[in-house]
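The lines below spell out each chain.
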Amino acid sequence: MLETDQLTEADVRRIVREEVDRAFKADPARNTATIIASKGTLDWAYPPFILATTAAAIGMKTSIFFTFYGLNLIRKDFDKRILVAPTGNPAMPMPVPMPDVLTGMPGMKAVATSMMKSMFRKKNVATLRELIESALELDVNLVACQMTMEVFGYEPKDFLDGVQFGGAAAFLSEARRSHVTLFV
Amino acid sequence: MLETDQLTEADVRRIVREEVDRAFKADPARNTATIIASKGTLDWAYPPFILATTAAAIGMKTSIFFTFYGLNLIRKDFDKRILVAPTGNPAMPMPVPMPDVLTGMPGMKAVATSMMKSMFRKKNVATLRELIESALELDVNLVACQMTMEVFGYEPKDFLDGVQFGGAAAFLSEARRSHVTLFV
Amino acid sequence: MLETDQLTEADVRRIVREEVDRAFKADPARNTATIIASKGTLDWAYPPFILATTAAAIGMKTSIFFTFYGLNLIRKDFDKRILVAPTGNPAMPMPVPMPDVLTGMPGMKAVATSMMKSMFRKKNVATLRELIESALELDVNLVACQMTMEVFGYEPKDFLDGVQFGGAAAFLSEARRSHVTLFV
């Protein structure tokens, strides 16, 4: 500890810079990730869960806010609801190129869904069920958007155990304290 | 006020921590939300407006930057332009499940659009017109992307009163001062 | 420089506020943009590159993390892979309105792709190739997601020169130090 009478303006500036540097490194916003999951297809189910579980694994406080079609990802019956459709997405890898009028035929959603699941299985990619379980184990907050629940007529009992409920204001009070804010 | 000769390094550190804590709490980035609206369908019109009006309602300085298809949301004729298509989105709730080749039939966009509007009306969800009006009343900045306007051949007179005009650089100078940055 | 014995608590607070103000202005998070490009169609190729090159042009440290369908944007053969499909997107400007069952006909993806390219050309919008080159010249980091590469069976040699490789953890350690974080 310096003696009082040795504290000059230069000393004070040095102390301040140390403290400010420490404060920026400890800024909770650097350690918080807030993700919106708004889509309800198999392909778009992956990004929010992969980003959230990775964020939690590197020590970040992480929340996913499920809204609009994204609510389906955390319903108890998600496995029957989460499909993937090749129509309108020419970027989806298909065994053979096909026009949308074919990808739109009856049964093609089932084909595309099972094809994507099988590709993921062969590559040892976690299933959606495994990702949800990892997220809960890593203390990722899974929050269902109450306004959309009401619009779609969904009840709290339709959702997986561990899911919380909240509105857009709750999401924003978390997001304003986060550097990482993503709308998937 | 302490006497000068009582200021020790410990005193200085205490003062610094108080000031830094105050500065972080007052960080304008915590109170700023910058949202890009890039999609022009009825379903994707809701998230930017709901998030922006909620952010403004809890006191945040809020902007929506409309680009690409999102420009349609703030045109004077938005009501004729903003539709919703079930094709390619197996997550959209439909009265009966149907393959994309059926949802793609003539007239289905009108059916899906009117179905979604009616579902929203029954649940007392604000219309797009009401959301735009709320956003303007709450001083949300609605900014049309000038580059996309030029590409699509849109004129300033095509847009609603109160809309501002700016480029990607304007968006980024706002976004770099915001914790909440979302691309919808 | 003030004499030590003139430093009062008020002096110290003034020094602290100056330093804190300087630190916030120099906060590297304000000068960092981290963008995810997850889509692989011509229309959605533009936003990440336009935002990233603009951010870099105004002096921000900028990265694009390419994942899922977005990987196609930085493959050597991107020109053959990046198409645009009107199906399921009623917001896309078309010469005449058409139902999805027509936009889904064989050949319509080629028509829509060539139409969009020609519209962009007439308006002097940069091509995707020009945007990629600008991004590399402006030192934007282009990072391919290793996990998706493995799932899709893509090799490092499939990618353009200058592309880097990394995982979701690498993306997040950059993103947590960025104010601008966008998922396109």
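Peer 1: Report on the pairing of strand β2 (residues 61-66) of chain B, specifying residues and quantitative values.
Peer 2: Residues and elements named next belong to chain B. Taken across its 6 residues, β2 has 5 buried, putting it largely inside the fold. Between strand β1 (residues 32-37) and its parallel partner β2, the chain crosses via helix α2 (residues 42-57), and the hand of that crossover is right-handed. Here β2 runs beside strand β3 (residues 141-145); their pairing, made up of 4 bridges, is parallel. The residue of β3 that forms the bridge with Phe65 is Val143.

Peer 1: Help me get a handle on the sheet that holds strand β1 (residues 32-37) of chain A, residues and values and all.
Peer 2: Residue and element names in this part refer to chain A. Read across the sheet, 5 strands follow the order β4-β3-β2-β1-β5 without closing on themselves; strand pairing throughout is parallel. A strand with exactly one partner marks an edge of an open sheet, and here the two such strands are β4 (164-166) and β5 (180-183). Neighbour-to-neighbour, the strand axes of the sheet open up by a mean angle of 25°, direction not taken into account. Here 3 bridges tie strand β3 (residues 141-145) to β4, and the two strands are oriented parallel to one another. Looking at the pairing, Ala144 lines up with Phe165 of β4.

Peer 1: A description of the confidence of the model for chain A should follow, citing residues and the corresponding values.
Peer 2: Chain-level statistics for chain A give a pLDDT mean of 84 and a share of 81% at 70 or above. For the stretch residues 94-98 of chain A, pLDDT sits under 50, and the model shows 8 contacts to residues farther than four places along the chain or on other chains.

Peer 1: Describe in detail the environment of Leu7 of chain B, supporting the description with residues and values.
Peer 2: Position of Leu7 of chain B relative to the elements: it lies in the segment before α1 (9-25). Here the alpha-carbon distance between Leu7 of chain B and Leu172 of chain B, two residues 165 residues apart in the chain, equals 43 Å.

Peer 1: Tell me about unusual backbone geometry, and please be specific about residues and values.
Peer 2: Unlike most non-glycine residues, Asp139 of chain A shows phi in positive territory, near 65°. Locating Asp139 of chain A in the fold gives a position in the loop between α6 (128-137) and β3. In this model, Phe68 of chain B sits at a positive phi of 50°, which is unusual for a non-glycine residue.

Peer 1: Could you give an account of helix α6 (residues 128-137) of chain C, naming the residues involved and the relevant values?
Peer 2: All names here are of chain C. Leu128, Leu131, Ile132 and Ala135 are the residues of α6 that are buried. All buried residues of α6 project into a common sector of 100° when viewed along the axis, lining one side. Each element contacted by the buried residues of α6 is listed here: α2 (42-57), α3 (78-81) and β3 (141-145). Just past α6, the residue Asp139 takes up positive phi, approximately 65°.

Peer 1: How would you summarise the pairing of strand β5 (residues 180-183) of chain C if you had to cite specific residues and measurements?
Peer 2: Residue and element names in this part refer to chain C. Side chains Val180 and Leu182 of β5 all project onto a buried face; the interleaved residues Thr181 and Phe183 project onto the opposite face, where all are buried too. The pairing of strand β1 (residues 32-37) with β5 spans 4 bridges and is classified as parallel. In the strand pairing of β5, Ala33 is matched with Val180.

Peer 1: Quick one: what's the story with the side chain of Thr148 of chain C, residue by residue and with numbers?
Peer 2: Residues and elements named next belong to chain C. For Thr148, the position within the fold is in helix α7 (residues 146-152). A distance of 3.0 Å separates a polar atom in the side chain of Thr148 from a polar atom in the side chain of Thr67. For Thr148, the contacting residues outside a window of four places in its chain are Thr67, Phe68 and Leu71.

Peer 1: Help me get a handle on the side chain of Thr67 of chain C, residues and values and all.
Peer 2: Its location among the elements puts Thr67 of chain C in the loop between β2 (61-66) and α3. Once residues within four sequence positions are removed from consideration, Thr67 of chain C is found in contact with Ile36, Ala37, Ser38, Cys145 and Thr148 of chain C.

Peer 1: Describe the packing of aromatic side chains, listing the residues and the values that go with them.
Peer 2: Enumeration according to the criterion identifies 27 aromatic pairs over all chains in this entry. Taken together through their ring pairs, the aromatic side chains of Trp44 of chain A together with Phe68, Tyr69 and Phe183 of chain C make up a single cluster. The lysine or arginine in question, Lys39 of chain B, covers the ring of Trp44 of chain C, its NZ or CZ lying 5.0 Å from the ring centre.

Peer 1: Give me the nonpolar core: which residues, what numbers.
Peer 2: Core analysis: the largest hydrophobic core is formed by 156 residues, its most contacted members being Phe49 of chain A, Phe49 of chain B together with Phe49 of chain C. Not counting residues within four places of it along the chain, the set of residues in contact with Phe49 of chain A comprises Ile64, Phe66, Leu73, Ile74, Leu128, Leu131, Ile132, Ala135 and Leu142 of chain A.

Peer 1: Tell me what's going on with the environment of Tyr46 of chain C, and back it up with residues and numbers.
Peer 2: Looking at the secondary structure, you find Tyr46 of chain C in helix α2. For Tyr46 of chain C, a relative accessible area of 3% translates into the label buried. Separated by 79 residues in sequence, Tyr46 of chain C and Val125 of chain C place their C-alpha atoms 10.0 Å apart. When residues no more than four places from it in sequence are discounted, the contact partners of Tyr46 of chain C are Phe68 of chain B together with Phe120, Val125, Ala126, Thr127, Leu128 and Leu131 of chain C.

Peer 1: Lay out the pattern of salt bridges in plain terms, naming residues and giving numbers.
Peer 2: This model, assessed by the stated rule, comprises 36 salt bridges over all chains. Residue Lys61 of chain C is joined to Glu174 of chain C by a salt bridge in which the shortest nitrogen-to-oxygen separation is 2.7 Å. Taken together, the residues span a long stretch of sequence, with Lys61 of chain C in strand β2 and Glu174 of chain C in helix α8 (residues 168-175) at a distance of 113 residues. With its nearest N and O atoms 2.9 Å apart, the salt bridge here joins Asp77 of chain C to Arg75 of chain C. Its relative accessible area of 8% is what places Arg75 of chain C among the buried residues. Because the salt bridges share partners, they merge into one network encompassing Glu9, Arg13 and Arg17 of chain A together with Asp11, Arg14, Glu18, Glu19 and Arg22 of chain C.

Peer 1: Can you break down the packing of helix α8 (residues 168-175) of chain A against α2 of chain B residue by residue, with the values?
Peer 2: Contact geometry of α8 of chain A with α2 of chain B gives a least axis separation of 9 Å together with a crossing angle of 70°. By the angle class used here, α8 of chain A and α2 of chain B are roughly perpendicular. Here Ala168, Ala169, Phe171 and Leu172 of chain A of α8 of chain A lie close against α2 of chain B, whose contacting residues are Ile50, Leu51, Thr54 and Ala55 of chain B. Among the residues making up the contact of α8 of chain A with α2 of chain B, the classes are represented as 7 nonpolar, 1 polar and no charged.

Procedures and definitions
- Residues numbered from 1 in each chain as written.
- Chains lettered and ligands numbered in written order.
- Predicted model: local features only at pLDDT ≥ 70, side-chain atom pairs only at ≥ 80, totals over all residues.
- Heavy atoms only, no water.
- Buried < 20%, exposed > 50% of the residue type's maximum accessible area, 1.4 Å probe, protein only.
- Helix = DSSP H or I, 4+ residues; strand = E, 2+ residues; numbered from the N terminus.
- Right-handed = clockwise from strand over helix to strand, strands pointing away.
- Pairing = 2+ DSSP bridges.
- Axes fitted to C-alpha atoms, helices over the stretch in contact; angles between N-to-C directions.
- pLDDT = per-residue confidence, 0-100.
- Contact = heavy atoms within 4.5 Å.
- Arc of directions from axis to C-beta.
- Polar contact = N/O pair within 3.5 Å; in protein donor to acceptor, adjacent residues only side chain to side chain.
- Phe/Tyr/Trp six-rings, centres within 6.5 Å; stacked < 30°, edge-to-face > 60°.
- Lys NZ or Arg CZ within 6 Å of the ring centre and 35° of its normal.
- Core = buried A, V, L, I, M, F, W, Y, C linked by side-chain atoms within 4.5 Å.
- Salt bridge = Lys/Arg side-chain N within 4 Å of Asp/Glu carboxyl O.
- Parallel < 35°, antiparallel > 145°, perpendicular 65-115°, else oblique.
- Nonpolar A, V, L, I, M, F, W, Y, C, P; charged D, E, K, R; others polar.

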